[in-house]
Amino acid sequence: MKLRPLHDRVVVKRLEQETKTASGIVIPDNAAEKPDQGEVVAVGPGKRDDQGKLVAMDVKVGDRVLFGKYAGQSVKVDGEELMVMREDDLMAVIEK
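## Examining the overall build of the protein
The number of helices and strands found in the protein is zero helices and eight strands. Its helices and strands in sequence order give the protein the pattern β-β-β-β-β-β-β-β, from N to C terminus. Counting only residues that meet the buried cut, the protein has 25% of its 96 residues in that class. Of the contacts made within the protein by residues no fewer than 6 positions apart, 62% connect residues no fewer than 24 positions apart. Roughly 7100 Å² of accessible area belongs to the protein as shown, and the carbon and sulfur atoms make up 49% of that amount.

## A word on the pattern of salt bridges
In this structure the tally under the stated criterion is four salt bridges. Notably, a salt bridge pairs Asp-88 with Lys-47, separated by 3.8 Å at the nearest N-O pair. In this pair, Asp-88 is assigned in the loop between β7 (80-86) and β8 (90-94) and Lys-47 in strand β3 (residues 47-48), connecting sequence segments 41 residues apart. Overall, Lys-47 belongs to the partly exposed group, its relative accessible area being 39%.

## Some points on the sheet that holds strand β5 (residues 64-67)
Paired through their backbone hydrogen bonds, the strands of a sheet run either parallel or antiparallel. One open sheet accounts for six strands, arranged β6-β7-β1-β2-β5-β8; its pairing is antiparallel. Both outer strands of the open sheet, β6 (73-77) and β8, are each paired with one neighbouring strand and no more. Pairs of neighbouring strands in the sheet enclose a mean axial angle of 45°, with direction left out of account. Examined bridge by bridge, β6 and β7 share five bridges and lie antiparallel to one another. Opposite Lys-76, over in β7, you have Glu-81 as the bridge partner.

## Quick word on the environment of Pro-5
Along the chain, Pro-5 falls in the segment before β1 (9-14). Along the sequence, Pro-5 and Pro-45 sit 40 residues apart, while their C-alpha atoms lie 8.1 Å from each other.

## Here we look at the nonpolar core
Counting residues in hydrophobic clusters, the biggest one holds 11 residues: Val-10, Val-12, Val-40, Met-57, Val-59, Val-65, Phe-67, Ala-71, Met-83, Met-85 and Leu-90. Those elements that provide at least two residues to this core are β1, β5 and β7. Residues in contact with Met-83, not counting those within four places in the same chain, are Val-10, Val-11, Val-12, Arg-14, Ala-71, Gly-72, Gln-73 and Ser-74.

## Side note on the environment of Arg-64
Looking at the secondary structure, you find Arg-64 in strand β5. Overall, the relative accessible area of 34% leaves Arg-64 in the partly exposed class. Between the alpha carbons of Arg-64 and Ala-92 there is a distance of 8.6 Å; along the sequence they are 28 residues apart. Within the structure, the side chain of Arg-64 is placed 3.0 Å from the side chain of Gln-37, a separation counted as a polar contact.

Definitions and cut-offs
- Residues numbered from 1 in each chain as written.
- Predicted model: local features only at pLDDT ≥ 70, side-chain atom pairs only at ≥ 80, totals over all residues.
- Heavy atoms only, no water.
- Helix = DSSP H or I, 4+ residues; strand = E, 2+ residues; numbered from the N terminus.
- Buried < 20%, exposed > 50% of the residue type's maximum accessible area, 1.4 Å probe, protein only.
- Contact = heavy atoms within 4.5 Å.
- Areas by Shrake-Rupley, 256 points an atom, 1.4 Å probe, with all protein chains shown as cover.
- Salt bridge = Lys/Arg side-chain N within 4 Å of Asp/Glu carboxyl O.
- Pairing = 2+ DSSP bridges.
- Axes fitted to C-alpha atoms, helices over the stretch in contact; angles between N-to-C directions.
- Core = buried A, V, L, I, M, F, W, Y, C linked by side-chain atoms within 4.5 Å.
- Polar contact = N/O pair within 3.5 Å; in protein donor to acceptor, adjacent residues only side chain to side chain.

So, in structure tokens, the structure goes:
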């Protein structure tokens, strides 16, 4: 896949949602909420400040991130569902 986001946009692949609760109850796909975590698969070069200088991105490819329920735009590339959003839409990077 060749997808290069522009400016301060990032491409995120949602992480798989757990389909079973801690007590063993299986959650059907249509009842499960979409996860709000994902892995960054591509980042843009960053945005420019008022002086025209490039401000580098805080996230990098491979980072695991949290984002809002309605953040970004869902797109399908090569049969894979991805999210494209601005870096500002990301809430946190999950440290391992």
